[in-house]
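Here's the letter readout for the chains.
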Amino acid sequence: MAGEQSGVDGDPSGDPATVVLKQPRDRAYWARRLEVPVEQVQAAVEAVGPDPAQVAAHLGKPWPYEASGIV
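Residues numbered from 1 in each chain as written. Predicted model: local features only at pLDDT ≥ 70, side-chain atom pairs only at ≥ 80, totals over all residues. Heavy atoms only, no water.

Student: Explain the overall build of the protein residue by residue, including any values.
Tutor: Within the protein one finds three helices and zero strands. Along the protein, from the amino end to the carboxyl end, the secondary structure elements read α-α-α. For the protein, the proportion of its 71 residues judged to be buried stands at 32%. (Helix = DSSP H or I, 4+ residues; strand = E, 2+ residues; numbered from the N terminus. Buried < 20%, exposed > 50% of the residue type's maximum accessible area, 1.4 Å probe, protein only.)

Student: Talk me through the nonpolar core; I want residue IDs and the actual numbers.
Tutor: Listed in full, the twelve residues of the largest apolar core are V19, L21, Y29, W30, L34, V36, V41, A44, V45, V55, A56 and L59. When contributions to this core are tallied by element, the ones reaching two or more residues are helix 1 (24–34), helix 2 (38–48) and helix 3 (52–58). Leave out the neighbours within four places in its chain, and V55 touches V19, L34, A44, V45, V48, G49 and P50. (Core = buried A, V, L, I, M, F, W, Y, C linked by side-chain atoms within 4.5 Å. Contact = heavy atoms within 4.5 Å.)

Student: Describe the environment of P24, naming the residues involved and giving the relevant values.
Tutor: Of note, P24 is situated in helix 1. Taking relative accessible area as the criterion, P24 reaches 53% and is therefore assigned exposed. When the C-alpha atoms of P24 and V38 are compared, they prove to be 9.8 Å apart, with 14 residues separating the residues in sequence.

Student: Before we move on, can you summarise unusual backbone geometry with the specific residues and values?
Tutor: Of all residues except glycine, most have a negative phi; of all peptide bonds, most are trans. The step from W63 to P64 runs through a cis peptide bond, and the omega angle for that step is -5°. In this model, E35 sits at a positive phi of 55°, which is unusual for a non-glycine residue. On the basis of relative accessible area, E35 is assigned to the partly exposed category, the value being 42%.

Student: I'd like to hear about the packing of aromatic side chains, residue by residue, with values.
Tutor: Tallied over the entire structure, the rule returns two aromatic pairs. Each ring, one from Y29 and one from W30, has its centre 5.1 Å from the other, and the planes form 85°; the classification is edge-to-face. Exposure class is identical for Y29 and W30. Each is buried. Between W30 and W63 the ring centres are 5.8 Å apart and the planes differ by 35°, which places this aromatic pair in the tilted class. Note that W30 is positioned in helix 1 and W63 in the segment after helix 3, a separation of 33 residues in sequence. (Phe/Tyr/Trp six-rings, centres within 6.5 Å; stacked < 30°, edge-to-face > 60°.)

Student: So what about helix 2? Which residues, and what values?
Tutor: All buried positions along helix 2 are accounted for by V41, A44 and V45. Along helix 2, the residues classed as buried sweep out an arc of 100° about the axis, all on the same side. Exposed and oriented more than 90 degrees from the buried face of helix 2 are E39, E46 and A47. Against helix 1 and helix 3 lie the buried residues of helix 2. Positive phi appears at G49, one or two residues downstream of helix 2, with a value of about 95°. (Arc of directions from axis to C-beta.)

Structure representation (C-alpha cells):
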C-alpha cells in the first residue's frame, strides 16, 4: 500500500523507517533484526507504535541494533 515501508529502504542507514509486520517476511526480518521472537516484536509495535527506535527501546535493545548480525 502507498506510504508503507517494507524491507530495508527508507533510512540512510539501510534500516526501514517503519516497522511493518503485514507479511511473514517482514515479521521474520524484525525478529531477526532485534533478536527476539516475532510475538515480542508484535507486542512492542502494539505498545509503542511502528517507530523502530521506540520498538527497540521497548524491547531493551539499542537502535540501530548493530549486534543483530544482519548486514
